[in-house]
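What follows is the residue order along each chain.
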Amino acid sequence: MEPCDLLIHSATQLVTCAGPPGLRRGPAMRELGVIRDGAVAIRGSTIVAVGPSTDVRRRFRASHEIDARGRAVCPGLVDCHTHIVYAGDRVEEFEQRCAGATYQEIMAAGGGILRTMRLTRAATTTELVQATLPRLRQMLSFGTTTAEVKTGYALERDAELRQLAAIALLDAAQPIELVPTFLAAHAVPPEFTGRADAYIDLVVESMLPLARDWYAVSSFAARAIPLFVDVFCERGAFDVAQSRRVLDAARNLGLPRKAHVDEFVEMGGLAMALELGATSVDHLDVTSPSAFTALAASSTVAVLLPLVSLNLGLSHFAAARAMIDAGVAVALSTDANPGSAPSLSLPLTMAIACRYLRMLPAETLIATTVNAAYAIGCGGRVGALMPGMQADLLILAADDYRWLMYELGGMPVAQVIKRGQVVVTNE
Ligand code: NIG
Ligand code: FE
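Procedures and definitions
- Residues numbered from 1 in each chain as written.
- Chains lettered and ligands numbered in written order.
- Predicted model: local features only at pLDDT ≥ 70, side-chain atom pairs only at ≥ 80, totals over all residues.
- Heavy atoms only, no water.
- Domains from an automatic or database assignment.
- Contact = heavy atoms within 4.5 Å.
- Buried area = accessible area lost by both parts, 1.4 Å probe.
- Salt bridge = Lys/Arg side-chain N within 4 Å of Asp/Glu carboxyl O.
- Polar contact = N/O pair within 3.5 Å; in protein donor to acceptor, adjacent residues only side chain to side chain.
- Helix = DSSP H or I, 4+ residues; strand = E, 2+ residues; numbered from the N terminus.
- Buried < 20%, exposed > 50% of the residue type's maximum accessible area, 1.4 Å probe, protein only.
- Phe/Tyr/Trp six-rings, centres within 6.5 Å; stacked < 30°, edge-to-face > 60°.
- Lys NZ or Arg CZ within 6 Å of the ring centre and 35° of its normal.
- Disulfide = S-S within 2.5 Å.
- Pairing = 2+ DSSP bridges.
- Near = heavy atom within 4 Å.
- Areas by Shrake-Rupley, 256 points an atom, 1.4 Å probe, with all protein chains shown as cover.
- 1 Å grid on protein atoms, 1.4 Å probe; cavity = no way out; pocket = protein on both sides within 12 Å on 5 of 7 lines; lining within 4 Å.
- Sits in = over half its atoms within 2 Å of the grid points.
- Nonpolar A, V, L, I, M, F, W, Y, C, P; charged D, E, K, R; others polar.

**Q** Now, about the domain arrangement of the chain: what can you tell me, with residues and values included?
**A** For the chain, the assigned domains read domain 1 (2-74 + 384-425) and domain 2 (77-375). In this structure, domain 1 and domain 2 have C-alpha centres spaced 29 Å apart. At the junction of the two partners, domain 1 supplies 35 residues and domain 2 supplies 41 residues. Counting the surface lost from both domain 1 and domain 2, the interface buries some 2800 Å², and carbon and sulfur atoms represent 68% of this. There are three salt bridges connecting domain 1 and domain 2. In this structure, the connection of domain 1 to domain 2 is made through 12 residue pairs in polar contact (both at pLDDT 80 or more). Looking at the side of domain 1 that touches domain 2, the elements with two or more residues in it are helix 17 (403-406), strand 15 (413-418) and strand 16 (421-425). Counting residues per element, the side of domain 1 that touches domain 2 draws most heavily on strand 15, at four residues.

This is the structure we're talking about:
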């Protein structure tokens, strides 16, 4: 018998999400590799065996065992697009929207992202960390074990770097593994009103090189966790030419790229981001179906964020069904932020994707595990239960993984295991 540290056995469904390396597309987004009466053996922070309980228990002797009878077990979830480092809230604007104001009207009037910017600029790094920790705690209890986190609520050099510093401190302070993204080009700051090009000059010439230098000596670089560069390509934010300058500069600095495109207006940002080899393109709510072929032929992940349409009370959702059927690699994320998506729950995101994006439960799980991991440069290491991968997994409160999507606003997770350690017990 071989020794191991933790053996989870007798899972009614062991949902491995195992498969060949790389992004899942088309029918492969529905293949979950479910093992009935399954077991996982873990040594340290790594999975060493996955299989039927009888086989794994014959091979391993564990210092700690969990009997998962009556439970489904699946990979820890990956939230690949969040804006959770900010100060304050947008409760006032929420009520304005309830009374009929649109997100864009509030943004044009100097609210929205700029309101959060004013509060975030005034916060110290410690205050940002303190404000964000409870958000991460809630995400973890909902099953998120890895998350991307963007800057973009400071929009000035030193304060954007403070947001990066806060992300590094948060990464070290709690169990969710974080992947940083530099989003200095999230909105045009008030000092640059009417001079967006001049702000882009500052981003490209000063802020991006400083972010790269910060990253080079950070704990992220030491562990080969990438620093992404993102841009909000949208009417009222940055046009395609300005967005191109940001992503081009990122490429020249050797940093991987993402872009917010086609959230409200289709401006051509998608084609530009594909041309510049973006790792992901995010939102795609109003993308024309004619763009799906090029997207499917690329290695870029389409990150869909259905809580935004839900929260803004819109009747239009991203065309996930047509994208998946066209071979696009789809991921799902919360877009957690104080304005357009005040929610930290990936199970709620999956539930909405099943109802309004016409995705199947299995597709939403692949979209929040395997494909989401690839969208943030962690594919092959997290997102599936396979020997050699990190031991990040969930023991669900039900015996069928579809409870993750079936129940609306419930608590489908019983226990969360991160790097081989039980970090949450919800019941
Ligand atoms: O992804 N689209 C741009 N940024 C966020 C919204 C941020 C905010 O409203 O504070 C988003 O939806
Ligand atoms: Fe976003």
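**Q** Can you break down the environment of Pro52 residue by residue, with the values?
**A** Tracing the sequence through the fold places Pro52 in strand 3 (residues 46-52). For Pro52, a relative accessible area of 34% puts it in the partly exposed group. For the pair formed by Pro52 and Arg36, sequence separation is 16 residues and the distance between their alpha carbons is 7.0 Å. Setting aside residues up to four positions removed in sequence, Pro52 forms contacts with Ile35, Asp37, Gly38 and Ala39.

**Q** Describe the packing of aromatic side chains, with residues and values.
**A** Evaluation of the coordinates by the stated rule reveals seven aromatic pairs. A ring pair is formed by Trp214 and Phe220, whose centres lie 6.2 Å apart and whose planes are at 50°; its orientation type is tilted. For Phe220, a relative accessible area of 0% corresponds to the buried category. Members of the aromatic cluster, each reached through a chain of ring pairs, are Phe192, Tyr199 and Phe238. In this structure, Arg135 packs its charged tip against the face of Tyr86, placed 3.6 Å from the ring centre. Directly above the aromatic system of Phe228 lies the positively charged group of Lys258, at a separation of 4.8 Å from the ring centroid.

**Q** Could you give an account of the state of the cysteines, naming the residues involved and the relevant values?
**A** The final tally for this structure, using the stated rule, is zero disulfides. In this structure Cys233 is not part of a disulfide, and its nearest cysteine sulfur, from Cys80, lies 19 Å away. Take Cys233: its relative accessible area is 2%, and that puts it in the buried class.

**Q** Report on the pairing of strand 3, specifying residues and quantitative values.
**A** In this sheet, strand 3 lies alongside strand 2 (residues 34-43) in antiparallel orientation, the contact comprising six bridges. Across the sheet, Val40 pairs through a bridge with Val50, a residue of strand 3. A loop of two residues connects strand 2 with strand 3, the two strands running antiparallel in sequence, and Gly44 in this loop sits at a positive phi of about 60°.

**Q** I'd like a rundown of the site of ligand 1, residues and numbers included.
**A** Around ligand 1, 15 residues are found, and the nearest of them are Arg90, Tyr103, Tyr153, His186 and Ser340. Note that an oxygen atom of ligand 1 is positioned 2.8 Å from one of the side-chain N or O atoms of Arg90. A distance of 2.4 Å separates an oxygen atom of ligand 1 from a polar side-chain atom of Tyr103. Considered on its own, ligand 1 offers 330 Å² of accessible surface; in the complex 100% of this is hidden by protein. More than half of the atoms belonging to ligand 1 lie within 2 Å of the grid points that define the largest cavity. For the shell around ligand 1, the class distribution of residues is four nonpolar, eight polar and three charged.

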